[in-house]
Amino acid sequence: MTVISRTDDGSVAVLTLDVPGRSTNVVDEQVLAELADHHSALEADPAIEAFVVTSGKKSGFGAGADLDWLPQLVARPDAAEYLGGVHALMARIAGSGTPMVAAVDGFAFGGALELLLAGEEIVVTPSATLGLPEVTLGLLPGGAGTQLVRRWLTAEQALDVLLTGRPLTAAAAQEAGLVQEIVAPEDLLAVAIGRARAAAARTTRRTDRDSSESLAAAAASRRETLAPAAGSAPDRILGAVAAGAAGGFAAGSAAEVAAFLDLAVSPTSLALRHLFQAEADIKRRSRSDGAPVSALGVVGAGRMGAAIAATAVTKGLQAVVRDVGQDKVDEAHGYLDQVLSRTKASPDKRAAAEERWSGTTEWEGFAGADAVIEAVFELPSLKNETLSAISGLVAPDALISTNTSAIPISSLAPAVSNPGRFMGTHFFSPVDRMPLVELIPHTGTDPATVARVAGLARSLGKVPVVVADVPGFLTSRVYARWLIEGVRLLLEGVPVPAVDAAAKAGGFPVGPLQAHDEASLDLVVKASITQVAEAVMTDRLDVATVRAALEKLIAAGVTGRKDGSGFYAYADGRRSGANPLVADTLGVTADVDAVPADVVRDRLLYAFASECWVCWDEGIVCHPDDGDVAAVLGIGFPRPLGGPYHWADAVGAATVVARAAELDPVAFPVGARLPAFAADGGSFAAETRLAVPGRPA
């Protein structure tokens, strides 16, 4: 079974990469071995003067190195020598008298792009996307990418690509010099073959864009600006670039190989690759065989409904937005304008999105909707009334969902005729930026409905995680527990800035008290306390005391950022330090030594993680991997830890159980599975996937 086939067009050979059994090409040992064999044969063939590499896949040229192969690679005793051989192959292709031109329709990422960087030219279609995303997986390019990229990009451009992992569109890549021509798909191969012949006729070959001195200076400047942690992927990337600038390709190659093998076994990279693969698995399982949704109705033109509709039309769906007031409909259209401006949509794309969007204060357009998302205020009575109206207007097989962060879906299902087509969705704000959506079936939801709504979520560019219909679902429940821990620490005398600083030290993007301010304290009381904590946490936490503290603050005018006074004081919308009214109102004396900083950090981490572990005992997610993705993408669990379940597996069940007991075994329950894992060596990763949520593991 071969992965690279060859055909000849006169003096130009065409190598087509098409890995059998995969929808997307990946780079592995067989791909590299066959490429080496083909290259040797081409150089030895007097009839061939150049060659083109392209893909046999519709999806693109390639997604990068096969992550399933990576553990086998790094475990090889000769791993360094093997990678050195790969780099030597790239250098041979780059310096060959038989130049290579790449033809790319779709994406070329990571190791797949590295193969192309050894060539002379890259020709793409308008849909192409190119990038080196390894840094987002805690890695650096391992196929000589840190050295080859300087042939195509300036020093600053190369460092941007390597250190951010951000992909380049076809137009951006052409502007940067990474792409030489953009052509229609039907012309791609012919143009690439023509450019290969032209490259063969030239006497010169591609050289570095900037001098070694410029590259070294740029790397030193980035190191000073970024101050990367020692041993981190950015640190090792800068080291490999600097080594190449100082000592040439051989020195840079050796530095890259050593760094790649170190990073590949680091806890951070293992965690990030776990998340990547768990998310990819969710996306694969979310492919629906049911009728696709092309026309979407959205009821409720508030910020959430407006954002759902805006996202839909930017992804190619028709969307009609309904609200009782024309002013709200106009505001929803204004939100679409904001999204299109923020994403810098081209005039053609903007016009197409505008054409797909419509608004109404009546019900025009809903009869033809394939799916309707109800996104009115979080009032059960209003939702019931709205859902009843929707189900009487749309087709009998149209999907209907309610968007909510905590209202039980089963309590709303009776309002819908044919409730098998009904379920809950929980989008995250801002919808056009946040990738997660929770899908919440009730006990009567048809499995085909879940599959179709998952397909709709994917068409909106979301990662759908199916969760049980319980108070707070998964994310609102876990987030409530984390928010509560911030208030508990405050009431024990930990200063507001110290609480949030400890959270950030643990890897959270924001602290729980700042999060209160952003959401508003009254919303936290209504949603996190009333709807979630009082339903499921009173057996282990003094929820009443936390509620009383928040209500006392609200009564004193401490309501959050929107009113300029929260746990922090605000001036012109910007935080200006801890709000002294908080301690005065609650009667607490702030003392930075009240609780050791490492204990504060661990309490916040364990508050979040322990709630997730209990949720698995209750079957709230179908698998711990789903919980990891939801926790990171939806509510800010530290990405470098890989999610609360992966983190527990990585640290070790016995260690986690012991630390939770030290902190407080009642407030930080580890659930039933972790003690069992500590005894028998099990792990969350090895748990059996549930067919549906809501059935205990």
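The coordinates are above.
Thresholds, definitions, all that
- Residues numbered from 1 in each chain as written.
- Predicted model: local features only at pLDDT ≥ 70, side-chain atom pairs only at ≥ 80, totals over all residues.
- Heavy atoms only, no water.
- Buried < 20%, exposed > 50% of the residue type's maximum accessible area, 1.4 Å probe, protein only.
- Helix = DSSP H or I, 4+ residues; strand = E, 2+ residues; numbered from the N terminus.
- Pairing = 2+ DSSP bridges.
- Phe/Tyr/Trp six-rings, centres within 6.5 Å; stacked < 30°, edge-to-face > 60°.
- Lys NZ or Arg CZ within 6 Å of the ring centre and 35° of its normal.
- Right-handed = clockwise from strand over helix to strand, strands pointing away.
- 1 Å grid on protein atoms, 1.4 Å probe; cavity = no way out; pocket = protein on both sides within 12 Å on 5 of 7 lines; lining within 4 Å.
- Points joined across faces, edges and corners; volume = space filled by probe spheres on them.
- Nonpolar A, V, L, I, M, F, W, Y, C, P; charged D, E, K, R; others polar.
- Salt bridge = Lys/Arg side-chain N within 4 Å of Asp/Glu carboxyl O.

With 6 of its 6 residues buried, strand E17 (residues 436–441) lies for the most part within the structure. Burial along E17 is two-sided: the face carrying Leu 436, Glu 438 and Ile 440 and the face carrying Val 437, Leu 439 and Pro 441 are both buried. As defined by bridge partners, strand E16 (residues 422–427) adjoins E17 across 5 bridges and the pair is classed as antiparallel. Among the inter-strand pairings, His 426 is bridged to a residue of E17, identified as Glu 438. In this sheet, strand E18 (residues 463–466) lies alongside E17 in parallel orientation, the contact comprising 4 bridges. Bridge pairing in E18 places Glu 438 opposite Val 465.

What the rule picks out here adds up to 13 aromatic pairs. Judged by centre distance (5.2 Å) and plane angle (75 degrees), the rings of Trp 363 and Phe 366 are edge-to-face. The exposure class assigned to Trp 363 is partly exposed, which follows from its relative accessible area of 22%. Connected via pairs of aromatic rings, a cluster forms that spans Tyr 479, Trp 482, Phe 508, Phe 608 and Phe 637. Stacked on the ring of Tyr 82, the Lys or Arg Arg 76 has its end atom at 4.4 Å from the ring centre. In this arrangement the basic side chain of Arg 206 is found over the ring face of Trp 152, its NZ or CZ atom lying 3.8 Å from the centre.

With that settled, consider the pairing of strand E12 (residues 318–322). Of all 5 residues that make up E12, 4 are buried, and the element is covered over most of its length. Between strand E11 (residues 295–299) and its parallel partner E12, the chain crosses via helix H12 (residues 303–314), and the hand of that crossover is right-handed. In terms of strand pairing, E12 meets strand E13 (residues 357–360) through 4 bridges, oriented parallel. Paired with Ala 319 across the strands is Trp 357, a residue of E13.

The next subject is empty space enclosed by the protein. Rolled over the atoms, a probe with the dimensions of a water molecule shows which regions are left empty. Evaluation of the coordinates by the stated rule reveals 3 cavities of 30 Å³ or more. Considered as a void within the structure, the largest cavity measures approximately 90 Å³ in volume. Lining the largest cavity are Ile 4, Leu 15, Leu 17, Val 31, Leu 35, Val 53, Thr 54, Phe 61, Met 100 and Leu 115. Its residues assigned to classes, the lining of the largest cavity comprises 9 nonpolar, 1 polar and no charged. Computed from the structure, the second largest cavity encloses a volume of approximately 70 Å³. Lining of the second largest cavity is provided by 14 residues; of these, Ile 373, Ser 401, Thr 425, Val 453 and Leu 456 occupy positions nearest its centre.

A separate point is the pattern of salt bridges. Two side chains bearing opposite charge may form a pair once their charged atoms approach each other closely. For the structure shown, the criterion picks out 43 salt bridges. Between Arg 76 and Glu 29 there is a salt bridge, and its shortest N-O distance comes to 3.0 Å. Here Arg 76, found in the loop between helix H2 (70–75) and helix H3 (79–94), pairs with Glu 29, found in helix H1 (residues 29–44); they are 47 residues apart in sequence, far enough to count as distant. On the basis of relative accessibility, which here comes to 37%, the residue Glu 29 falls in the partly exposed class. Across the pair Lys 328 and Glu 331 runs a salt bridge whose closest N-O atoms are separated by 3.3 Å. One end of the pair is Lys 328 and the other is Glu 331, both in helix H13 (residues 326–342) and 3 residues apart, which spans about a single turn. The partly exposed category is assigned to Lys 328, whose relative accessible area is 29%. Given a relative accessible area of 47%, Glu 331 falls into the partly exposed group. Three or more residues joined by partner-sharing salt bridges are found here, namely Asp 281, Arg 284, Arg 285, Asp 626 and Arg 689.

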